[in-house]
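# Report on the structure
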Amino acid sequence: MRAELGVLGAKVTTVQLAGERRLEVGGALGAVLPGGVQRGSVVTIGGPAGAGVTRTAFELAASVTASGEWAAFVSSAGNNTLGLAAAAELGVELERAAVV
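Residues numbered from 1 in each chain as written. Predicted model: local features only at pLDDT ≥ 70, side-chain atom pairs only at ≥ 80, totals over all residues. Heavy atoms only, no water.

## Observations regarding the overall build of the protein chain
The helix and strand inventory of the protein chain stands at four helices and four strands. Since a compact globule built from 100 residues should have a radius of gyration of about 13 Å, the 19 Å found for the protein chain marks it as more spread out than a globular shape. Taken over 100 residues, the protein chain has a buried fraction of 21%. Considering only contacts in the protein chain between residues 6 or more positions apart, those separated by 24 or more positions represent 53%. Accessible surface, the protein chain: about 7,100 Å² in total, of which carbon and sulfur atoms supply 59%. One finds the centroid of the 7 positive side-chain charges in the protein chain at a distance of 9 Å from the centroid of its 8 negative side-chain charges. (Helix = DSSP H or I, 4+ residues; strand = E, 2+ residues; numbered from the N terminus. Rg over C-alpha atoms; globule rule 2.2 N^0.38 Å. Buried < 20%, exposed > 50% of the residue type's maximum accessible area, 1.4 Å probe, protein only. Contact = heavy atoms within 4.5 Å. Areas by Shrake-Rupley, 256 points an atom, 1.4 Å probe, with all protein chains shown as cover. Lys, Arg positive; Asp, Glu negative; His and termini not counted. Charge placed at Lys NZ, Arg CZ, Asp CG, Glu CD.)

Okay, structure coming up:
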């Protein structure tokens, strides 16, 4: 029995829950978010038109989808011009993105 427990103990490693994992952010955003973002968190990016809000959201989503995770975009009421072609150009893997 003791030998069996020893074999089992050698197979067990530290577990990191998915919600405890942080995702690295690349590019210029990585300098602003050096610790990355918490997996599963909701990030709100807002600002006036022309401030780069959409680009910032796409760059963040590009980092997330490049690591194999999913990103979702929730567009505000009346704003249906998300521009998924631009998202793809900035590196967002559209097969890992949802738009609501």
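## Some words on the packing of aromatic side chains
A full pass over the atoms with the stated rule returns one aromatic pair. Ring geometry for F58 against F73: centres 5.5 Å apart, planes inclined by 85°, an arrangement best described as edge-to-face. Residue F58 is located in helix 3 (residues 53-66), and its partner F73 is located in strand 3 (residues 71-73); the two are separated by 15 residues in the primary sequence. A residue is classified by how much of its surface remains accessible, and F58, at 2% relative accessible area, is buried. Under the relative-accessibility criterion, F73 is labelled buried at 8%. (Phe/Tyr/Trp six-rings, centres within 6.5 Å; stacked < 30°, edge-to-face > 60°.)

## As for the nonpolar core
Judged by nonpolar contacts, A57, F58, A61, A62, A71, F73, A87, V92 and A97 together constitute the single largest core of nine residues. Looking at this core, the element that brings in the most residues is helix 3, giving four residues. Residues contacting A61, with those up to four places away along its chain left out, are A71, F73 and V92. Of all hydrophobic cores here, the second largest spans six residues; its members include L23, V25, L60 and V64. (Core = buried A, V, L, I, M, F, W, Y, C linked by side-chain atoms within 4.5 Å.)

## Brief notes about the pattern of salt bridges
If you walk through the whole model with that rule in mind, you get three salt bridges. In this structure, R21 engages E69 in a salt bridge whose closest nitrogen and oxygen atoms are separated by 3.2 Å. Taken together, the residues R21 in the loop between helix 1 (2-11) and strand 1 (22-23) and E69 in the loop between helix 3 and strand 3 connect sequence positions 48 residues apart. Accessibility expressed as a relative area gives 29% for R21, which makes it partly exposed. Assessed through its relative accessible area of 10%, E69 is described here as buried. With a closest N to O distance of 2.9 Å, E59 and R55 form a salt bridge. Separated by four residues within a single helix, E59 and R55 lie in helix 3, roughly one turn from each other. What you see here is one network of salt bridges that share partners, running through R21, R39 and E69. (Salt bridge = Lys/Arg side-chain N within 4 Å of Asp/Glu carboxyl O.)

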